Amino acid sequence: MSDRKVRLALPSKGALGKLTMDLLANIGLKVNRPNDRQYVATIPAVPEIEVLFQRAADIFVKVHEGSADLGVTGYDVVSEEDPGDGTVITAYETLGYGKCEVVLAVPNSWIDVTSIEDLAELTLLWKAQGKPLRIVTKYKNLTKKLLFDRNITNFVLVDANGALEAAPNMGYADMISDVTSTGTTLRENNLKQVAGGNILKSQACLIANRKALQSDTALAITQQILERIEANQEAKKYTSITANVRAGSMDEVGALLTSREQLDQLTGQRGPTISKVYTNGSGSNDWYAVTVVVQQEHLFQAVQHLRQVEGQDITVSPPRYIFGPSSKSGETLLQRLKS
């Protein structure tokens, strides 16, 4: 491991692939892939990383077998494929994109079936007729677990690839267990979700091979990636506001901004940052620049507050990162490695 690069498997195409590339670019780890036909790429900012492009559905297997050290894929894939042997660690569970849900869905024509309890009754009725419920799915393990947890046993799982939504209409399955993001595809194929049949909420996640992280290099790179992601996600909650305020001194500006307790959320995480403005030419020298970082939902209240203290030239910009005193995700990773 010490003589080779850290292998990071990324989705090769589709929305998950594009959004993963966008994420890495946003955290300063832009991938250099000269053309879409190349399945190996680099990250110039961290030359110790070798990027391998794979199908999202195959990335868990690659990390599990050790041909990749790290990988980005859907949490639905991880939950379905993980044998529970501890070989693969989920290093970051919520990357914030690729959101979807694995659900049970039946034909709209089944007007008496709206809930998992109705489905259980139907399977008992069909069992008396010697007929199992046929469910087409790519999520056999997850589907089986949900049904067994609901004491539903009279079913068979049907293998298929491609668009599963067509299966009931084509007649090779009675219902489906599949992923949906908006429900539009289900509705357009005359299917409806079963209440209580929500199997798993999923989004893109970062996974790692436990053995690979025994390497100091791989562990350090993984922690760096985690900390960049964490700080970038934290920054999305905040906005930075700067204004010029005229007053007799910095202390006077500080007092104007923080005079009331209810202004806490409008004057920055720790309080305003205040600095002297050196004006051009013969301009007045009693101007101070005030910067506050507030949560997005408090933006306009904070701007209004700055106006109330005669703030001018107000500008707003998004912080790119907000780093805490330590990386929570990095600490969580270390705990998982010890377990």
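Thresholds applied
- Residues numbered from 1 in each chain as written.
- Predicted model: local features only at pLDDT ≥ 70, side-chain atom pairs only at ≥ 80, totals over all residues.
- Heavy atoms only, no water.
- UniProt positions renumbered as here; feature names shortened; annotations may be inferred.
- Buried < 20%, exposed > 50% of the residue type's maximum accessible area, 1.4 Å probe, protein only.
- Helix = DSSP H or I, 4+ residues; strand = E, 2+ residues; numbered from the N terminus.
- Arc of directions from axis to C-beta.
- Contact = heavy atoms within 4.5 Å.
- Phe/Tyr/Trp six-rings, centres within 6.5 Å; stacked < 30°, edge-to-face > 60°.
- Lys NZ or Arg CZ within 6 Å of the ring centre and 35° of its normal.

- Taking an unreviewed UniProt entry as the reference, the chain is identified by name as ATP phosphoribosyltransferase belonging to Acaryochloris thomasi RCC1774.
- Among the UniProt annotations of the chain, the heading Catalytic activity (unreviewed entry) holds the following wording: "1-(5-phospho-beta-D-ribosyl)-ATP + diphosphate = 5-phospho-alpha-D-ribose 1-diphosphate + ATP".
- Looking at the Cofactor (unreviewed entry) heading of the UniProt record, one finds this comment for the chain: "Mg(2+)".

## Quick word on helix H10 (residues 299-308)
Phase 1: Within the span of H10, buried status applies to Leu299, Ala302, Val303, His305 and Leu306. Burial along H10 is one-sided: seen end-on, the buried residues are contained in an arc of 160 degrees. Turned more than 90 degrees off the buried face of H10, the exposed positions are Phe300, Arg307 and Gln308.
Phase 2: Lining the buried residues of H10 we find strand E12 (238-246), helix H9 (250-257), strand E14 (287-295) and strand E15 (312-317).

## Concerning unusual backbone geometry
Phase 1: Of note, the phi angle at asparagine 190 is positive, near 60 degrees, even though the residue is not glycine.
Phase 2: Since its relative accessible area comes to 52%, asparagine 190 is described here as exposed.
Phase 3: Phi at glutamate 310 takes a positive value of approximately 70 degrees, unusual for a residue other than glycine.
Phase 4: Structurally, the position occupied by glutamate 310 is in the loop between H10 and E15.

## Details of the packing of aromatic side chains
Phase 1: Counted according to the given criterion, the structure contains three aromatic pairs.
Phase 2: On the basis of an interplanar angle of 70 degrees and a centroid distance of 5.9 Å, the ring pair of tryptophan 110 and tryptophan 126 is categorised as edge-to-face. Taken together, the residues tryptophan 110 in the loop between strand E6 (100-107) and helix H4 (116-128) and tryptophan 126 in helix H4 connect sequence positions 16 residues apart. For the pair shown, tryptophan 110 and tryptophan 126 are each scored as buried.
Phase 3: Over the aromatic face of tyrosine 39 sits the side chain of arginine 33, whose NZ or CZ is 5.9 Å from the ring centroid.
Phase 4: The lysine or arginine in question, arginine 33, covers the ring of phenylalanine 53, its NZ or CZ lying 3.7 Å from the ring centre.

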